[in-house]
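# Summary of structural features
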Amino acid sequence: MVQDISRSIEACAAHYGEDADAVRTYLIEGQARALALPNRGPLRFDEAGEVHPDILAAYSKYGFYIFENALSDEEVADLKADLDAIRANYPTHMGADTDAQGRPAIGSRNKAMALQWAKPLSDPLGGTALANGRHQVKLFEPKAKADAPAASPFYLAGSLQFSPACLRLYAHPGLLKVVETINGEDFTPFHEGLFIKEAGLGAAVSWHQDGDTHWDSPDFDENIHGFNLMGQIYGSTAVNGVWVIPGTHKDGRIDITKLVADAGTERLPQALPIICNAGDVVINNRQLVHGSFANTGYETRVTANFGFHRRSSVLNVKGAGIHAEAATFDDAFIAERSKVMGLAIAARKARFPDETPYSYAPLAAKQDEFIWDAAAQADLLDYNLMDLSI
Ligand SMILES: O=C(O)CCC(=O)C(=O)O
Ligand SMILES: [Fe+2]
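Just so you know, these numbers come straight off a predicted model, no measurement behind them. (Residues numbered from 1 in each chain as written. Chains lettered and ligands numbered in written order. Predicted model: local features only at pLDDT ≥ 70, side-chain atom pairs only at ≥ 80, totals over all residues.)

### Considering the overall build of the chain
- Looking only at helices and strands, one finds eleven helices and 14 strands in the chain.
- For a compact globule of 390 residues, the expected C-alpha radius of gyration is about 21 Å, and the chain comes in at 20 Å, within 12% of that figure.
- Reported as C-alpha extents along the three principal axes, the dimensions of the chain are approximately 65 × 50 × 40 Å.
- Relative to its full complement of 390 residues, the chain shows a buried share of 48%. (Helix = DSSP H or I, 4+ residues; strand = E, 2+ residues; numbered from the N terminus. Rg over C-alpha atoms; globule rule 2.2 N^0.38 Å. Buried ≥ 20, exposed ≤ 12 C-beta atoms within 10 Å, placed from the backbone.)

Right under this line is the structure:
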């Protein structure tokens, strides 16, 4: 069952003046092309407990795959409740230290990157040098309603410290089996965050590819910059969702300015939207050309992103410095950052005691030492200073 977003498609098209018909057609046709691709379905394993080869083949071919209903209703409800608490703890305005109840606001104690704001419906990254200039073109910025705030939260980095439900999601055993299959059992963390695209406010993320360090590596391949898992808390649509160009994760670095110039429009004809219901989780290759338009529709999207790398992609590599200050990731650095996985497994076990926990090979001998409680959650403060940004 796909959400009916006809009203949002109309609302979106109405922002584009003489391009309204083109926008409407792009959204409707993109949605149809996305739903026709054979890269969605439940998490499936064969008799030996291995990830079903059809999933791996489709992921490799298209660069993304949608695990439908990967999250239980209970898990989605936990994520929504945490998100409500996070919203209630937003600073009263950008730069404020306290929330509406006078409490220290989310992010006010952090040294690391935490809550990021954007002007409603803007494209804050496109055409700028931010994130090493990876967002090459600036997207159209629709006009927000007159009563919209000057800025609204659009990204929360280091999300595992702010949300026990996100921490537990990080240890989802079926998803981690997929991670292990693609990146090896000694896989490593990358970075976690929430993309917040509130209805009528959410900013755009211009077309880009995520990787930074390994494009010219002699060992370059489709998996060298890792992938993100994208847990959908409310669902994801043609209007509010991420659009991707399938297969581009194999092509190396792409001149996006030229793609847009050749197409004569920012609505890249090769792209299609990732369409999900709440509780679906996407695996998205970081090398895919991807981006999202401003959310002019009536549905909010919040994506719980959590990414992973192959150990060989980060070990003794100097980081890109995008998600955290550039450091060289030696064994000890990676081991320290990976402790979050041990804590996440413990947190998940406490909440879902009947589930068989994931066994993370690098910590298997030490897993019992991880105890999740409020103090352990608080100790995560600024854990993302050690993100493995490549
Ligand atoms: O969620 C979005 O709108 C952008 C996602 C993205 O760029 C990413 O996950 O790397
Ligand atoms: Fe991205």
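### A short note on the pairing of strand S9 (residues 242–245)
- Side chains of S9 alternate between two faces, with Val242 and Val244 and Trp243 and Ile245 buried alike.
- Looking at chain direction, S9 and strand S13 (residues 289–292) are connected through four bridges and run antiparallel. Following the sheet pairing, valine 242 is matched in S13 by serine 292.
- Strand direction decides the pairing type here: S9 and strand S10 (residues 272–273), joined by two bridges, are antiparallel. (Pairing = 2+ DSSP bridges.)

### A closer look at the site of ligand 1
- Around ligand 1 sit Phe195, Val205, Asp210, Asn228, Val242, His290, Ser292, Thr303 and Asn305, and those are all the residues in its vicinity.
- Secondary-structure elements contributing two or more residues to the shell around ligand 1 are S13 and strand S14 (301–309).
- Class assignment of the residues belonging to the shell around ligand 1 gives a composition of three nonpolar, five polar and one charged. (Near = placed C-beta within 6 Å. Nonpolar A, V, L, I, M, F, W, Y, C, P; charged D, E, K, R; others polar.)

### Considering helix H1 (residues 6–13)
- Residues Ser8, Ile9, Cys12 and Ala13 constitute the buried set of H1. Projection of H1 onto a plane perpendicular to its axis shows the buried side chains occupying an angular sector of 135°, all on one side. Across H1 from its buried face, at more than 90 degrees, point the exposed residues Ser6 and Arg7.
- Residues of H1 that are buried make contact with helix H2 (20–36). (Arc of directions from axis to C-beta. Contact = placed C-beta atoms within 7 Å.)

### Focus on unusual backbone geometry
- The phi torsion at asparagine 69 lies on the positive side, around 55°, for a residue other than glycine.
- Examined against the element boundaries, asparagine 69 turns out to sit in the loop between strand S2 (64–67) and helix H4 (73–88).
- Residue classification places asparagine 69 among the partly exposed positions, given that 15 C-beta atoms sit within 10 Å.

### With respect to the environment of isoleucine 55
- The residue isoleucine 55 is located in helix H3 (residues 53–62) in this model.
- Counting along the chain gives 292 residues from isoleucine 55 to alanine 347, while the straight-line C-alpha distance between them is 28 Å.

### Points about the sheet that holds strand S4 (residues 152–157)
- With respect to topology, eight strands assemble into an open sheet ordered S1-S2-S12-S7-S14-S5-S4-S3, the strand pairing being mixed. Two strands bound the open sheet, and with one partner strand each, they are strand S1 (40–41) and strand S3 (115–118).
- Bridge count between S3 and S4: four bridges; the pairing is antiparallel. Pairing of tryptophan 117 across the sheet is with proline 153, part of S4.

### So, the packing of H1 against H2
- Relative orientation of the contacting elements H1 and H2 amounts to 145°, with a least axis distance of 8 Å. Considering only the axes of H1 and H2, their crossing is right-handed. Between H1 and H2, the residues in contact are Ile9, Cys12 and Ala13 and Ala20, Val23, Arg24, Leu27 and Ile28, respectively.
- For the contact of H1 with H2, a count of residues per class yields seven nonpolar, no polar and one charged. (Axes fitted to C-alpha atoms, helices over the stretch in contact; angles between N-to-C directions. Left-handed = near helix turned anticlockwise from the far one by under 90°.)

### Here's the deal with H3
- Taken residue by residue, H3 has Ile55, Tyr59 and Tyr62 as its buried positions. All buried residues of H3 lie within an arc of 85° about the axis, which places them on one face of the element.
- Where the residues of H3 are buried, they touch S2 and strand S12 (281–285).
- Glycine 63 sits one or two residues past H3 and shows a positive phi near 90°.

### Focus: the environment of valine 314
- In this structure, valine 314 sits in helix H9 (residues 311–314).
- For the pair formed by valine 314 and phenylalanine 329, sequence separation is 15 residues and the distance between their alpha carbons is 6.3 Å.
- What valine 314 contacts, discounting residues up to four positions off in sequence, is Thr188, His309, Phe329, Ile334, Leu388 and Ile390.

### Some thoughts on the pairing of strand S5 (residues 188–197)
- In terms of burial, S5 is a largely internal element, ten of the ten residues being buried.
- The pairing of S4 with S5 spans three bridges and is classified as antiparallel. Within S5, the position partnered with leucine 156 by the bridge is leucine 194.
- One ladder, built from eight bridges, connects S5 with S14; its direction is antiparallel. Paired with threonine 188 across the bridge in S14 is histidine 309.

### Some thoughts on the sheet that holds S13
- Pairing is antiparallel across the open sheet formed by four strands, whose spatial order is S6-S13-S9-S10. If you trace the sheet from one side to the other, it starts and ends with strand S6 (205–208) and S10, each paired once.

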